[in-house]
Amino acid sequence: MRTTLRPRRAAVTFTALTAVAALALAGCGDGGTSKDPEPAPGRDLSLKGEKIEVAAVWTGPEQENFTKVLKEFERRTGATVTFVPAQDPIVNFLGTKIAGGAPPDVAMLPQVGAIQQAAAQKWLKPVGPEVKSQLAANYSRGWQELGAVDGTQYGVYFKAANKSLVWYNTAVFENAGASEPKTWKEFLATAETISASGVTPVSVGGADGWTLTDWFENVYLSQAGPAKYDQLAKHEIKWTDPSVAAALKTLAELFGKPALIAGGPTGALQTEYPASVTQTFTGGDQPKGAMVFEGDFAAVNIAQTKAEIGKDAKVFPFPKVGDGGTAPVVTAGDAAVALKDTKGAQALLAFLASPDAAKIWAAEGGFLSPNKNLDPAAYPNDVQREIAKALIGAGDDFRFDMSDQMPQSFGGTPGKGEWKALQDFLKNPKDVAGAQARLEADAAKAYKAAAKG
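Residues numbered from 1 in each chain as written. Predicted model: local features only at pLDDT ≥ 70, side-chain atom pairs only at ≥ 80, totals over all residues. Heavy atoms only, no water.

**A word on the overall build of the protein**
Formally: Runs of H or I in DSSP of at least four residues are treated as helices and runs of E of at least two as strands, each being numbered from the N terminus. Three labels apply to residues, based on accessible area from a 1.4 Å probe with only protein chains included: buried if under 20% of the type maximum, exposed if over 50%, partly exposed otherwise in between. All accessibility values rest on the Shrake-Rupley procedure with a 1.4 Å probe; residue burial counts only the protein chains present in the view.
Broken down by element type, the protein carries 19 helices and 14 strands. The buried share among the 453 residues of the protein stands at 60%. For the protein, the accessible surface area stands at approximately 17,200 Å², while carbon and sulfur atoms represent 50% of it.

**Comments concerning the pairing of strand β8 (residues 156-162)**
Just so we agree on the cut-off: At least two bridges found by DSSP between two strands is the condition for calling them paired.
The element β8 is extensively covered by neighbouring structure, given that seven of its seven residues are classed as buried. One ladder, built from six bridges, connects β8 with strand β13 (residues 330-338); its direction is antiparallel. By the bridge assignment, N162 is partnered in β13 with T331.

**Observations concerning the sheet that holds strand β11 (residues 291-293)**
Short version of the rule: For this analysis, residues touch if any pair of their heavy atoms sits within 4.5 Å. To obtain each axis, a line is fitted to C-alpha atoms, and for helices this fit is confined to the stretch in contact; angles are then taken between N-to-C directions over 0 to 180 degrees.
The strand order across the open sheet formed by four strands is β10-β11-β9-β12, and the pairing between neighbours is mixed. Strands with a single pairing partner mark the edges of an open sheet, and in this sheet they are β10 (202-203) and β12 (313-317). By the bridge criterion, five bridges tie strand β9 (residues 165-169) to β12 in an arrangement that is antiparallel. Looking across to β12, one finds that V166 is bridged to F316. Running at roughly 145° to β11, helix α7 (residues 184-196) makes contact with β9, β10, β11 and β12 of the sheet.

**Describing the packing of helix α1 (residues 60-77) against helix α14 (residues 343-352)**
Heads up, the condition is: By definition in this entry, angles of less than 35 degrees are roughly parallel, angles greater than 145 are roughly antiparallel, angles of 65 to 115 are roughly perpendicular, and the rest are oblique. Note on convention: near helix rotated counterclockwise from far helix by under a right angle means a left-handed crossing. Clockwise means right-handed. Residues were grouped as follows: Ala, Val, Leu, Ile, Met, Phe, Trp, Tyr, Cys and Pro as nonpolar; Asp, Glu, Lys and Arg as charged; and all remaining residues, including Gly, as polar.
Relative to each other, α1 and α14 sit at 120°, their axes nearing to 11 Å. Judged on the interaxial angle alone, α14 and α1 are oblique. Two packed elements cross with a definite hand, and for α1 against α14 that hand is right-handed. Here F66, V69, L70, E72, F73 and R76 of α1 lie close against α14, whose contacting residues are G344, A347, L348, F351 and L352. Split by residue class, the contact of α1 with α14 holds eight nonpolar, one polar and two charged.

**Quick word on unusual backbone geometry**
A cis geometry characterises the amide bond from D88 onward to P89, with omega recorded as 5°. Of note, P89 is situated in the loop between β4 (80-85) and α2 (90-99). Phi is positive for D150, close to 50°, though the residue is something other than glycine. The residue D150 is located in the loop between β6 (148-149) and β7 (152-153) in this model.

**With respect to the side chain of N65**
Looking at the secondary structure, you find N65 in helix α1. Those residues in contact with N65 that lie beyond four places of it in its chain are V300, W361, E364 and G365.

**Description of the environment of T305**
Inclusion rule: The definition of a polar contact used here is a pair of N or O atoms within 3.5 Å, where within protein one atom must be able to donate a hydrogen and the other to accept one, and adjacent residues in sequence count solely through side-chain atom pairs.
Along the chain, the position of T305 falls in the loop between α13 (298-302) and β12. Take T305: its relative accessible area is 12%, and that puts it in the buried class. Sequence spacing of T305 and T278 is 27 residues, and the spatial spacing of their C-alpha atoms is 6.4 Å. Ignoring sequence-local partners within four residues, the contact set of T305 consists of T278, F281 and T282. In terms of polar contacts, T305 uses its side chain to reach the backbone amide nitrogen of A307, at 3.1 Å.

**Considering helix α9 (residues 226-233)**
Quick reminder of the rule: Here, the arc refers to the directions that run from the helix axis to the C-beta atoms.
Those residues of α9 that fall on the buried side of the exposure criterion are Y229, D230, L232 and A233. Angularly, the buried residues of α9 cover 165° about the axis, an arc narrow enough to put them on a single face. In this fold, the buried residues of α9 make contact with α8 (209-224), α10 (242-255), β13, β14 (399-400) and α19 (432-452). With its phi angle positive at about 60°, H235 sits one or two positions after the end of α9.

**Concerning the packing of aromatic side chains**
Here the distance between the centres and the angle between the planes together describe a pair of aromatic rings. Just so we agree on the cut-off: Two aromatic rings from Phe, Tyr or Trp, using only the six-membered ring of Trp, form a pair when their centres are within 6.5 Å; if the ring planes differ by under 30 degrees the pair is stacked, by over 60 it is edge-to-face, and anything between is tilted. Put simply, a charge is over a ring when the Lys NZ or the Arg CZ is close to the ring centre, within 6 Å, and near the line of the ring normal, within 35 degrees.
A full pass over the atoms with the stated rule returns 27 aromatic pairs. When the ring of W239 is compared with that of F410, the centres are 5.6 Å apart and the planes differ by 65°; the resulting orientation is edge-to-face. Taken together, the residues span a long stretch of sequence, with W239 in the loop between α9 and α10 and F410 in helix α17 (residues 408-411) at a distance of 171 residues. In terms of burial, W239 and F410 fall into one category: buried. In textbook terms, an aromatic cluster arises when at least three aromatic residues are bridged by ring pairs, as seen for W184, F187, W215, F255, F293, F318 and F425. The ring of W361 is capped by K159, whose NZ or CZ atom sits 5.5 Å from the centre of that ring.

**What to know about the packing of α7 against α10**
Relative orientation of the contacting elements α7 and α10 amounts to 15°, with a least axis distance of 11 Å. Taken together, the axes of α7 and α10 are roughly parallel relative to one another. For the crossing formed where α7 meets α10, the hand is left-handed. Between α7 and α10, the contacting residues are W184, F187 and L188 on the first element and T250, L251, E253 and L254 on the second. When its residues are assigned to classes, the contact of α7 with α10 shows five nonpolar, one polar and one charged.

Read these as layout, nothing more, since geometry by itself doesn't imply function.
What follows is the structure in structure tokens.
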């Protein structure tokens, strides 16, 4: 049932994020604000009596914050919008709904491959003129292209992510006399310093396999470079390639030292992503872990603790791996797509493409928008403000999450494919060749099935 997924190249790579008190991007391009923002959609549009269903996999604070955006759309238009909780992978969820004749009006798709698959199945409706107008005014070409398939625009990237950040407990760093590392070698040395001070240095949410794909992608992009990254994303080179072995061996320098990981590998594999964040910022200067790697969206989990971002919780860029590499930045995002060709669905997509919609969630934290006309002042603190400025300032210069570009059965399914292979690798990081063999076998099967459709 899966059709061929052709991962869309996401321009060139971010150069390097540098962190002082906040983050700034080195060598960034012009974010481009040549056009004034389009008038915010929805203010003069009456959709009274129209019912709109929006499906997404968001739960907890993310669902609550997105619902606030939908409530504003209701207020402006008179429409009734219902949030439909979806299971992951959402493409399978949507397939079931469509087969039953009851698809939602709009869905939030978290993978480029999911957009391409849904478009190939002819589930999606192209965006209308007002949506295109909002996209042209508010988005760089790269973000527009990520939501298009074969030249037809389907998606609006509403929520983005910078997945190349390490958040840390400042009290632990101060007690240990540790400083923010810039290279992988320095990162490991910092971890040893913190360990010697009596705190386990790194918290890993290994129960959620996607966090491990992010670890791999950041190491691989920095170490192997953007060209190899693009090739592996498209399966133009095999997972048995020496570049993959090098990245896994680098990860093993951390994963292979149980004392450096909160709970050791066994504990990490039982720790879900939200807990990996919150346990880093609870317990004062004696948390279960001193650092946790993940995207800007970790801020929403930190907000569930008593830690104050910018004071108790700070962030540095994922460290540069190897002598010739650069500090990587891997991005991701959630795109709104229409599954019904209705006035309400198109109006909601146009609203989500506007700065007005992005401003609502930005104020709540744990959110990053690719909308270049969103005022940075909308973000709640300087840390998130600078992360956002870095993303916009880079223009089209980024790499999209590799696993999100792959067939979902390999790169985006819990307990299978890359997620499961990397969980097994966390458990036994000495078996690099075995991990490669499993990754390649699963990838080859997934891409073969994708090609058959």
